[in-house]
Amino acid sequence: MSLDWIYYAISWILLVWHGAWDFVGVPDPAVIGTNWAWILAIIFLVVTVRVILFPVFVKQIKSQRAMQALQPQVKALQEKHKGDRETLQKEMMELYRKEKANPLMGCLPMFLQIPVFLGLFHVLRRLNPDKSEAGKTLYGWTISQFESASSAKLFTAPIAGKFGSTAEELARLGANGTTVKIIAGILVLVMMGTTYLTSRQMILKTGWAEDPQQRMIQKLMLYGIPLSLLISGAIFPIGVIIYWVTNNLFTLAQQQWVLRKFPPPPTAAGKPGTTARKPVQPAKTGGLLGRTKAAPQAPAKPAAPKVAGPKPGAKPVNPKKGPAKRQG
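A brief look at the structure comes next.

1. Brief notes about the packing of aromatic side chains
All chains considered together, the criterion is met by 14 aromatic pairs. Between the aromatic rings of Phe117 and Phe236, the centroid separation amounts to 5.1 Å while the plane-to-plane angle is 75 degrees, which identifies the pairing as edge-to-face. Of this pair, Phe117 sits in helix H5 (residues 108-125) while Phe236 sits in the loop between helix H10 (212-232) and helix H11 (238-261), and the two are 119 residues apart along the sequence. Centroid distance Tyr196 to Tyr223: 6.4 Å. Interplanar angle 40 degrees. Geometry classified as tilted. Of the two residues, Tyr196 sits in helix H9 (residues 177-206) while Tyr223 sits in helix H10, which places them 27 residues apart along the sequence. Aromatic rings pair up to connect Phe117, Phe121, Phe236 and Trp244 into one cluster.

2. Concerning the layout of surface pockets
As a volume, the second largest pocket reaches approximately 200 Å³. Take the lining of the second largest pocket: its biggest share by element is five residues, from helix H1 (residues 4-23).

3. Observations concerning the nonpolar core
Core analysis: the biggest nonpolar cluster contains 50 residues, and Leu120, Phe236 and Ile238 have the highest contact counts within it. Taken together, the elements giving at least two residues each to this core come down to H1, helix H2 (36-69), H5, helix H7 (143-150), helix H8 (167-173), H9 and H11. Of all the elements, H2 adds the most residues to this core, at nine residues. Not counting residues within four places of it along the chain, the set of residues in contact with Phe236 comprises Phe117, Phe121, Gly161, Lys162, Met191, Leu229, Ile241 and Trp244. By size, the runner-up hydrophobic cluster in this structure holds nine residues, among which are Val74, Leu77, Leu88 and Ala101.

4. What to know about empty space enclosed by the protein
The probe, sized like a water molecule, is rolled over the atoms to show the empty space still left. A full pass over the atoms with the stated rule returns one cavity of 30 Å³ or more. Taken together, Arg50, Leu53, Phe54, Phe57, Pro109, Gln113 and Gln254 form the lining of the largest cavity. Among the elements of the structure, H2 and H5 are those that each provide at least two residues to the lining of the largest cavity. When residues of the lining of the largest cavity are assigned to their parent elements, the largest contribution, four residues, is made by H2. Counted by class, the lining of the largest cavity contains four nonpolar, two polar and one charged residues.

Here is what the cut-offs are and how they apply
- Residue positions are counted from 1 within each chain, in the order its sequence is given.
- pLDDT decides what is reported in this predicted model: residues at 70 or higher carry local features, side-chain atom pairs at 80 or more are listed and counted, and totals for whole chains, interfaces and linings draw on all residues regardless.
- Excluded from the side-chain calculations are hydrogens and water; all other atoms, namely the structure's heavy atoms, are used.
- When the centres of two rings from Phe, Tyr and Trp lie within 6.5 Å, Trp using its six-membered ring, the rings pair. Their planes under 30 degrees apart give stacked, over 60 give edge-to-face, and anything left gives tilted.
- Strands are runs of DSSP state E lasting at least 2 residues, helices are runs of H or I lasting at least 4, and numbering of each runs from the N terminus.
- Using a grid of 1 Å spacing that covers the protein atoms alone, one calls a set of points a cavity when a 1.4 Å probe fits there but cannot get out, and a pocket when the set is open and has protein on both sides within 12 Å along at least five of seven lines; lining residues are those with an atom within 4 Å of a point.
- Grid points are joined across faces, edges and corners, and a volume is the space filled by probe spheres set on the points.
- Joining through side-chain atoms within 4.5 Å is the link that ties buried Ala, Val, Leu, Ile, Met, Phe, Trp, Tyr and Cys residues into a set, and such a set is a nonpolar core.
- For each residue, the accessible area found with a 1.4 Å probe, counting protein chains only, is set against the maximum for its type, and the residue is called buried under 20%, exposed over 50%, and partly exposed in between.
- Throughout, a residue-residue contact means that at least one pair of heavy atoms, one from each residue, lies within 4.5 Å.
- Note on residue classes: Ala, Val, Leu, Ile, Met, Phe, Trp, Tyr, Cys and Pro are nonpolar, Asp, Glu, Lys and Arg are charged, and everything else, Gly too, is polar.

What follows is the structure in structure tokens.
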């Protein structure tokens, strides 16, 4: 299937935003070694996509809440059908269908953004000043727009350059290899860090899932994807990394807002008909980096009341002695 419609759509959004920033007076020539109109066009490509996908993101949060509320029932099914994986899967799918919870909803917003990422990757990879006139006007670009984007830079590093650019590619872009590697390397590290934080933020608020499949997805999102970016980031153009980092920062802010609006449901412990279980890894109330608030200290036990001593002149009393015997 041809992906040209994606390339046309991404190009159109980029060009519209570039034209908008040019209209409001953002200079097209480089300032501090950066062509801000093109950088802002990439940033607001993220804003456009995230606004479109916001309803899907809210559905993702609601689905995750439903999945979390179903954990006690999932656990009961796992114990009931221990050793019978086929029946367990059928029962769990029936439970999810009945309660309108979708285990795959957690990854849906990310999957919907993959075409956008691939489209931007393709469009920026084509930015080559040596292309023919027909190549420059592909996907709705004019020759002047294409040449402007081809020379666009972030702190003197071309947005079409990448950490793994060959000497030939750098020569075509008129770029310094050391500068490109430094800027791209810093951005890759920031991309990895923000990708890790977006996953960690969600887990800190919702806790680890008890369902093995859900837990595996959480671990993949938390550790696997950031580590894979250390290698794959070398082939991403700088403009694509700018998109990824901006997208992560947008996600951090959006998740914080949605998590406050739709807080995690209370645990099932204490509900009638359920067995209280120690959570595998409960949600934390701390900040993004995992700092937890100090647990409130138990109130000190009240001191035993002091027994007042005998008044001066009073006869001593010995409570251990029994009552005096009567003399006959």
